[in-house]
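Chains, contacts and geometry: an overview
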Amino acid sequence: MSKVQPEYICSCFFTQNIFIKKYKIHVKYINDDQFENEFRQVLRMKGCSTTNQYEEALYEVHKEVSLRKSYHKKFLDNYLYIQRHYTKLYPDIWTLRQTFLDSRFLTIAAEAKKPTQTKESLLSCIMHNGGDITECEVYKMPIFTTELCLMLINEIQNFNNFPCEKTRPNTMNKYGISLDEMGLSQGLLIPLIADYLQFIAKCLFPQWTGHAIDSFKAFVVKYESDLDTELSKHFDNAEVTMNISLNSKFEGGDLQFYSSSLNRSVDISHESNLQMSHKEGYGVMHCGRQYHSALPIIAGIRYNLIIWMRSSTVRNICPMCNQTPDLVQVPIAGDGFIPIPKTRSQCHLL
């Protein structure tokens, strides 16, 4: 096994964007006094009115902070254990093959790779190959075959039953699987991004992809009536997000996108302007900084594969705290930041 290289996160990971699901609010936690001063009244307005309710909310925050402090060590321990002991259900899908990809997606990717391509030509290609484009710069296109979707769900279910500790992929989804921790990303998703998705992303979102998509985070989320049913308004820790639906036997759960999404000073609570349905094998690509939510699932189980694509040349501002990142080295599962040498010339990475 190759040596795991150190990675970096912003220190805000330990204090900011802590989600209290019951009250659908992201909070910042430094200490109990700061938290009470900044959020007790806000929580009261959201129904957290009694002392017991406030103490329960504070307990959830303490628990999340504790999880984050040990997250990267546990992730590495889990990853190494899984690589040694997990038996793959479908070994073939752990390496990307062209036959896993919808032929229309291959046509779209080929158009994106052309030296003479323009955004207009790519949008036309998406439209003529079963996709959908919107004025909000949210794009839907066929990506995976039905056969791959089914095998991925079965593999995820098999892995879920594997007796080992697993970390949550993010703070908002309680029932998800990290494909990076699972080990599926290396052979399946890195080629998908490097050979296909990054070319489409660079054409559709040139201002967010920098010189290249050079890191990512991938996970599968599961929505079901008795588990996670919806996802509150949020933005992703990504420059460009690809959200691929893996099944169709469910009702509800549409994605909703909001206007004024890149301006955090604007109240977006009443500004919904686009609803996008899911379709098996299809992916929805959007700017990661765009506010969006997942509407409640009504029936069935929904599985989606999420890829947060990142560019280190754009990450000179942390998307989560909107500040110059205060870098902290971690052994694995970094957030796509790299140390910038403090030289006069500040040479580019690539």
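The structure this text deals with has already been given above.
Described below are features of the structure shown in this document. What you are looking at is a predicted structure, and each value in this text was computed from that prediction instead of being measured.

Below, the discussion takes up the pairing of strand β9 (residues 240–245). Of all six residues in β9, six are buried, a share of seventy percent or more. Side chains V240, M242 and I244 project from β9 onto one buried face, and the interleaved T241, N243 and S245 project onto a second face that is buried too. Here β9 runs beside strand β13 (residues 282–287); their pairing, made up of five bridges, is antiparallel. Residue pairing across strands places V240 opposite C287, the latter belonging to β13. The pairing of β9 with strand β15 (residues 297–310) spans six bridges and is classified as antiparallel. Following the sheet pairing, V240 is matched in β15 by M309.

Here the focus is the pairing of strand β7 (residues 215–224). Counting buried residues in β7 gives seven out of ten residues, a clear majority hidden from the surface. Sheet analysis places strand β6 (residues 176–178) next to β7, joined by three bridges and oriented antiparallel. Across the sheet, the residue bridging to S178 is F219, located in β7. Bridge count between β7 and β15: ten bridges; the pairing is antiparallel. Residue pairing in the sheet places F219 in a bridge with I306 of β15.

Right, let's get into helix α1 (residues 32–45). Since one α-helical turn is 3.6 residues long, residues separated by three or four positions face the same way. Along its 14 residues, α1 runs 19 Å from first to last C-alpha, staying within 8% of the 20 Å computed at 1.5 Å per residue. Along its length, α1 reaches its greatest deviation from straightness, about 50 degrees, at F39. Listing the buried residues of α1 in full gives Q34, F35, F39, R40 and L43. For α1, the secondary structure elements touched by its buried residues are β2 (18–20), β3 (25–27) and α2 (51–85). By the N-cap criterion, in which a side-chain oxygen at the helix start approaches the backbone nitrogen of a residue two or three places on, α1 is capped by N31, the distance to D33 being 3.2 Å. Downstream of α1 by a residue or two, G47 has a phi angle that is positive, lying close to 105 degrees.

Below, the discussion takes up the nonpolar core. Most often, soluble globular proteins keep nonpolar side chains buried together rather than apart. If you look at the biggest cluster of nonpolar residues, it comprises 57 residues, and the most contacted ones within it are F144 and M285. With ten residues, helix α7 (residues 185–204) is the largest single contributor of residues to this core. F144 has contacts with F100, L101, D102, C149, L152, L192, I244, L246, G281 and L305, leaving out every residue within four places of it along the chain.

Summed over the entire model, instances satisfying the criterion amount to zero disulfides. C287 provides the cysteine sulfur closest to C136, a residue in no disulfide bond, and the two sulfurs are 12 Å apart.

It is worth spelling out the packing of aromatic side chains at this point. Going through the model one piece at a time under the given rule, you end up with 15 aromatic pairs. Measuring from ring centre to ring centre gives 5.8 Å for Y139 and F205, while their planes differ by 65 degrees; the resulting arrangement is edge-to-face. Here Y139 is found in strand β5 (residues 139–142), whereas its partner F205 is found in the loop between α7 and α8 (206–209), with 66 residues between them in sequence. Both residues of the pair, Y139 and F205, count as buried. Among the aromatic side chains, those forming a connected cluster through ring pairs are Y81, Y86, W94, F159 and F162. In this structure, R40 is placed above the aromatic ring of Y54, and the distance from its NZ or CZ to the ring centre is 4.1 Å.

With that settled, consider unusual backbone geometry. Phi at N322 is positive, roughly 60 degrees, even though this residue is not glycine. Examined against the element boundaries, N322 turns out to sit in the loop between β15 and β16 (327–330). A residue is classified by how much of its surface remains accessible, and N322, at 46% relative accessible area, is partly exposed. A positive phi angle is found at A333, which is not glycine, with a value near 60 degrees.

Rules used in this analysis
Residues numbered from 1 in each chain as written. Predicted model: local features only at pLDDT ≥ 70, side-chain atom pairs only at ≥ 80, totals over all residues. Heavy atoms only, no water. Buried < 20%, exposed > 50% of the residue type's maximum accessible area, 1.4 Å probe, protein only. Helix = DSSP H or I, 4+ residues; strand = E, 2+ residues; numbered from the N terminus. Pairing = 2+ DSSP bridges. Expected span 1.5 Å × (residues − 1). Bend = angle between axes of the 7 residues up to and from the residue. Contact = heavy atoms within 4.5 Å. Polar contact = N/O pair within 3.5 Å; in protein donor to acceptor, adjacent residues only side chain to side chain. Core = buried A, V, L, I, M, F, W, Y, C linked by side-chain atoms within 4.5 Å. Disulfide = S-S within 2.5 Å. Phe/Tyr/Trp six-rings, centres within 6.5 Å; stacked < 30°, edge-to-face > 60°. Lys NZ or Arg CZ within 6 Å of the ring centre and 35° of its normal.

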